[in-house]
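Fold and contact review
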Amino acid sequence: MKKYFCLLLVPVIVSACYSPRYIYSPPTQNIPLLTKKNDLQVSGFYAGSLNTFKEKGNYNRGFDLHSAWAVSNHFAIMLNESARWEKNGGNDSFFPNDSSHLSYKRNFTEAGAGYFTSPAENIDLQFQLFAGAAFGASKIYDDFVSNNVTVKKYHYSRVTKFFIQPAVTYSLFKNSSTGLSLRFTAVSFTHIRTNYTFEELDNYILDSIGVTPVFFWEPAVDYTVSFRKFPIKFQLQGSLTILLNHRFVEHRNANVALGAIYNFRKNTRKKPSTSNK
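On the surface, a cluster of positive charge is made up of K105, K139, R158 and R193. With respect to the helices and strands, R193 occurs in strand β7 (residues 176-194).

Below you can see the structure in the form of structure tokens.
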């Protein structure tokens, strides 16, 4: 009996010296509400993850800037920018004996194009499908303390993301709407530079991220509200990040964002006729 009990303790003991090295942090998703040609929507968000085991000095925060332009009554393009600054270590996880203090910097530029439509010209309900790519970088800085000596470690990589984003938006009330997105994302890591040893890369689950893409399902829900005679709308969005690979990697599993939206809409009222009878 003691033999089996010791075998069960092995993975716990091994993991007790480990803090997660997050390779991915999800962005706020651009789920635009466009109705006709030349509609332009711009928005900005403050965003980050809610850490389950949050301790002093640990955080995940950043910003997202979005834009979307309807090039016709049913086709649109989008351009987005995302940045994150993060820290974790110590008691941030189930592994309190890890003495590493980790910090991250991530930035991405995302471009996409898609189709939107409303059934029977009902603008209260809209279906949309966007697809695109994002290009950026992820940097992990690791301050490992051993015998009161700090050793500087790092892991840099170029990151390319491809996504397909089906979504639906619905305006239940005049001054509010809600959106549901079911984004699928493929993430590839290239041009990796690091001073981790092969053993450390294996321990931190970083040894194979450059071999094949990592796939995520990222469902998101947003709620947008506006106020009478006030041109800016406000939106709250939450999303989950669900790993689809059989191979596990460390990643942030959620994103929460609060932001402001402004819509530039072209006036389509007809000019009065000046012809003489």
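Our next topic: empty space enclosed by the protein. Leftover empty space is mapped by rolling, across the atoms, a probe with the size of a water molecule. Applying the stated criterion to the full structure yields five cavities of 30 Å³ or more. Size it by volume and the largest cavity reaches roughly 100 Å³. Looking at the largest cavity, it is lined by 14 residues, and the ones nearest its centre are I31, L33, S177, T224 and Q235. Those elements that provide at least two residues to the lining of the largest cavity are β7, β8 (214-225), β9 (232-240) and β11 (254-264). At three residues, the largest contribution of residues to the lining of the largest cavity is made by β7. Its residues placed into classes, the lining of the largest cavity shows four nonpolar, eight polar and two charged.

Looking now at the environment of L206. Tracing the sequence through the fold places L206 in the loop between α2 (198-203) and β8. Sequence spacing of L206 and Y22 is 184 residues, and the spatial spacing of their C-alpha atoms is 9.4 Å. In contact with L206, other than residues within four places in its own chain, are R21, I23, H155, Y196 and L201.

What counts, and at which threshold
Residues numbered from 1 in each chain as written. Predicted model: local features only at pLDDT ≥ 70, side-chain atom pairs only at ≥ 80, totals over all residues. Heavy atoms only, no water. Patch = residues over 30% accessible without salt bridge, like charges linked within 9 Å, V, L, I, M, F, W, Y side chains within 5 Å. Areas by Shrake-Rupley, 256 points an atom, 1.4 Å probe, with all protein chains shown as cover. Salt bridge = Lys/Arg side-chain N within 4 Å of Asp/Glu carboxyl O. Lys, Arg positive; Asp, Glu negative; His and termini not counted. Charge placed at Lys NZ, Arg CZ, Asp CG, Glu CD. Helix = DSSP H or I, 4+ residues; strand = E, 2+ residues; numbered from the N terminus. 1 Å grid on protein atoms, 1.4 Å probe; cavity = no way out; pocket = protein on both sides within 12 Å on 5 of 7 lines; lining within 4 Å. Points joined across faces, edges and corners; volume = space filled by probe spheres on them. Nonpolar A, V, L, I, M, F, W, Y, C, P; charged D, E, K, R; others polar. Contact = heavy atoms within 4.5 Å.

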